[in-house]
Amino acid sequence: GKDDAALIRLKGFFAPKVAALVNRRKEGYFISPSSGKDIKINGQKVSLRYDLKDGDIVETGDLKMQFYIKE
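Residues numbered from 1 in each chain as written. Predicted model: local features only at pLDDT ≥ 70, side-chain atom pairs only at ≥ 80, totals over all residues. Heavy atoms only, no water.

Student: Just give me the short version of the pairing of strand 6 (residues 57–60), but keep the residues and values in it.
Tutor: Residues of strand 6 alternate between two faces, with Val58 and Thr60 buried on one and Ile57 and Glu59 left unburied on the opposite face. In the sheet, strand 3 (residues 39–41) pairs with strand 6 via two bridges, with the strands oriented antiparallel. Counted as the bridge partner of Lys40 is Glu59 from strand 6. The pairing of strand 6 with strand 7 (residues 63–66) spans four bridges and is antiparallel. The residue of strand 7 that forms the bridge with Glu59 is Lys64. (Buried < 20%, exposed > 50% of the residue type's maximum accessible area, 1.4 Å probe, protein only. Helix = DSSP H or I, 4+ residues; strand = E, 2+ residues; numbered from the N terminus. Pairing = 2+ DSSP bridges.)

Take a look at the structure:
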């Protein structure tokens with residue numbers, strides 16, 4: 001997002017302060033869209049919490065990232 005606390009900065013006039021939140025629980029990692037914006041996981045729009053799996057592709061705005069777990 002564009003917020004000062006965001007670790008990954010988005011550019012653009014319409015970029016939200018926070019685009020998504022990634023959290024960790026004992027079951028694994030999950031991502032939740034923020035600011036009412038949709039994100040895409042593996043090309044599919046996600047508007048609710050999504051349990052991330054190794055290799056998932058996360059897209060928000062023009063940014064595309066791959067999620068992986070390093071053991």
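Student: How would you sum up the pattern of salt bridges? Please name residues and give values.
Tutor: Counted under the stated rule, the structure contains one salt bridge. In this structure, Asp51 engages Arg49 in a salt bridge whose closest nitrogen and oxygen atoms are separated by 3.1 Å. What makes Asp51 partly exposed here is its relative accessible area of 45%. (Salt bridge = Lys/Arg side-chain N within 4 Å of Asp/Glu carboxyl O.)

Student: So what's going on with the sheet that holds strand 1 (residues 20–25)? Which residues, and what values?
Tutor: One open sheet holds the three strands; their spatial order is 1-2-5, and the pairing between them is antiparallel. If you trace the sheet from one side to the other, it starts and ends with strand 1 and strand 5 (50–51), each paired once. In this sheet, strand 2 (residues 28–33) lies alongside strand 1 in antiparallel orientation, the contact comprising six bridges. Considered in strand 2, the bridge of Asn23 is made with Phe30.

Student: Account for the sheet that holds strand 7, naming residues and giving values.
Tutor: One open sheet holds the four strands; their spatial order is 4-3-6-7, and the pairing between them is antiparallel. Each of the sheet's edge strands pairs with one partner strand only, and the pair in question is strand 4 (44–46) and strand 7. Neighbouring strand axes in the sheet, compared pairwise and without regard to direction, differ in orientation by 30° on average. The pairing of strand 3 with strand 4 spans three bridges and is antiparallel. (Axes fitted to C-alpha atoms, helices over the stretch in contact; angles between N-to-C directions.)

Student: Provide a residue-level description of the pairing of strand 2, including the pertinent values.
Tutor: Turn length for the strand 1-strand 2 hairpin, with the two strands adjacent in sequence and antiparallel, is two residues. The sheet contact formed by strand 2 and strand 5 spans two bridges and is antiparallel. Bridging across to strand 5, Phe30 finds its partner in Asp51.

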